[in-house]
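Chains, contacts and geometry: an overview
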Amino acid sequence: MPSPRRTIEGRPLGSSGGSSVPGSPAHGAGGGRFEFQSLLSCRAGADPACARLRASDSPVHRRGSFPLASAGPAQAAPALPPEEDRMNLNPSFLGIALRSLLAIDLWLSKKLGVCAGESSAWGSVRPLMKLLEISGHGIPWLLGTLYCMLRSDSWAGREVLMNLLFALLLDLLMVAVIKGLVRRRRPAHNQMDMFFTVSVDKYSFPSGHATRAALVSRFILKHLVLAIPLRVLVVLWAFVLGLSRVMLGRHNVTDVAFGFFLGYMLYSIVDYCWLSPHNVPVLFVLWNHQ
Ligand SMILES: CC(C)=CCC/C(C)=C/COP(=O)(O)O
């Protein structure tokens, strides 16, 4: 009498299992046994129907089936592809996750690009969005900071503004370097009608406006004494400026999200390297002699 274990496992691999047709009554007797023996036959490569099953198998399983296929001495083992080809058949989890994120990013950015042109769904709001764009542009921020720094009559004020200038320059440099390295094109629906751009600004990752918005708003919240409503307004400005980049079709959502992250981190660097008469006296001494 066959033991229950033998009934579940069926014939051992390498026995005459290849002659049994999966799905036949003899083969199919006993639920789990049917599926298990089908698998055994497929591994041995005996049944043409199983070849179809293997062909539709995932790359991961296909890879795994190569060594088993050569286990049966009577079967001709398929030639193994070179190692690098097999790696290509097996996309990593990270690769799949990144591709999915990218697909969602492109889809969402296109959906949100409602002010990308005058004829877009929210085309009438486009002038307002462009005004916001200027409010976060590098030129007014650089010129405004320089002007206030030169006009400031207190040392404390000059120190803060000098550090804001340093932050803005560091931000421009970092964004230019990353844009140049990543070279991600701006969305196809973007109209390149921005006010004063440099060559790397044809690239979109990360959003320079988003980095500036995060950096400047964190700087202001830390160094200016503001009433709560004004503090809320500063945060709101940064958020709406970031959103407007996607609505104008200038950026994808990930450009802006990374821009916010980068700007936030850049402030931490500026705070860490804070320029003061104690650590860079030369800057302040030179100024004093003017
Ligand atoms: C050259 C100077 C001083 C500023 C350029 C500012 C600018 C045009 C940045 C691009 O921003 P997005 O990456 O958000 O489009």
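Residues numbered from 1 in each chain as written. Predicted model: local features only at pLDDT ≥ 70, side-chain atom pairs only at ≥ 80, totals over all residues. Heavy atoms only, no water.

Section: the UniProt feature "transmembrane region" (unreviewed entry) in the protein chain
What counts here: UniProt positions are given in the numbering used here, feature names are shortened, and annotations may be inferred rather than shown by experiment. For helices the rule is a DSSP run of H or I covering at least 4 residues; for strands it is a run of E covering at least 2, with both sets numbered from the N terminus onward.
The positions UniProt marks with the feature "transmembrane region" (unreviewed entry) are residues 160-182, 224-244 and 256-275. Along residues 224-244 one finds 81% helix and 0% strand; the C-alpha atoms at either end are 26 Å apart.

Some thoughts on the confidence of the model for the protein chain
The following threshold applies: Residue-level confidence of the predictor is summarised by pLDDT, bounded by 0 at the bottom and 100 at the top.
Of the residues in the protein chain, 67% reach a pLDDT of 70 or more, and the chain-wide mean stands at 78. Reported for the predicted complex are a pTM of 0.70 and an ipTM of 0.96.

So, the pattern of salt bridges
Definition in use: The term salt bridge refers to a pairing of a side-chain nitrogen on Lys or Arg with a carboxyl oxygen on Asp or Glu at a separation within 4 Å. Only protein chains enter the accessibility calculation, which uses a 1.4 Å probe. A residue is then buried if its area is under 20% of the maximum for its type, exposed if over 50%, and partly exposed in between.
What the rule picks out here adds up to 11 salt bridges. With a shortest N-O distance of 2.8 Å, Asp193 and Arg126 are connected by a salt bridge. A residue pair is termed long-range when its members are at least 10 positions apart, and Asp193 in the loop between helix H10 (155-182) and helix H11 (208-223) and Arg126 in helix H8 (residues 126-135) qualify at 67 residues. Classification of Asp193 by relative accessible area gives partly exposed; the value is 29%. Between Glu133 and Arg250 there is a salt bridge, with the nearest N and O atoms lying 2.7 Å from each other. Of this pair, Glu133 sits in helix H8 while Arg250 sits in the loop between helix H12 (228-247) and helix H13 (253-272), and the two are 117 residues apart along the sequence. Like Arg250, Glu133 is buried. If you follow the salt bridges from partner to partner, you end up with Glu118, Arg126, Lys130, Glu133, Asp193, Arg245 and Arg250 in one network.

As for the packing of aromatic side chains
To keep things clear, this is the line we draw: When two rings of Phe, Tyr or Trp (its six-membered ring) have centres within 6.5 Å they constitute a pair, described as stacked for plane angles under 30 degrees, edge-to-face for angles over 60, and tilted for the intermediate range. Any Lys NZ or Arg CZ that is within 6 Å of a ring centre and within 35 degrees of that ring's normal is treated as a charge sitting over the ring.
Overall, the coordinates contain 5 aromatic pairs when judged by the stated rule. A centroid spacing of 4.9 Å and a plane angle of 25° characterise the contact between Phe205 and Phe258, whose relative ring orientation is stacked. Taken together, the positions of Phe205 in the loop between H10 and H11 and Phe258 in helix H13 put the pair 53 residues apart, joining distant regions of the chain. For Phe205, a relative accessible area of 17% corresponds to the buried category. Residue class for Phe258 comes out partly exposed when judged on its relative accessible area of 27%. What links up through ring pairs into an aromatic cluster is the set Phe205, Phe258 and Phe261. Over the aromatic face of Trp155 sits the side chain of Arg158, whose NZ or CZ is 4.8 Å from the ring centroid. Its guanidinium or amino end placed over the ring of Tyr264, Arg218 lies 3.9 Å from that ring's centre, counting from NZ or CZ.

Considerations on the site of the ligand
Basically, it comes down to this: One heavy atom suffices: a residue is near a molecule or strand as soon as one of its heavy atoms comes within 4 Å of it. Nitrogen and oxygen atoms within 3.5 Å of one another constitute a polar contact, given that in protein one can donate a hydrogen and the other can accept it, and given that sequence-neighbouring residues count only through two side-chain atoms. Note that accessible areas follow from Shrake-Rupley with a 1.4 Å probe, and for residues the cover is restricted to the protein chains shown.
The immediate surroundings of the ligand are formed by 18 residues, with Lys179, Arg186, Gly208, His209 and Arg245 found nearest. Interatomic distance of 2.8 Å between a side-chain N/O atom of Arg186 and an oxygen atom of the ligand. Residue His209 places a side-chain N or O atom 2.9 Å away from an oxygen atom belonging to the ligand. Burial of the ligand by the protein chains amounts to 93% of its free accessible area of 440 Å². Broken down by secondary-structure element, the contributors of at least two residues to the shell around the ligand are helix H9 (138-151), H10 and H11. For the shell around the ligand, the element with the most residues is H11, which contributes 3 residues.

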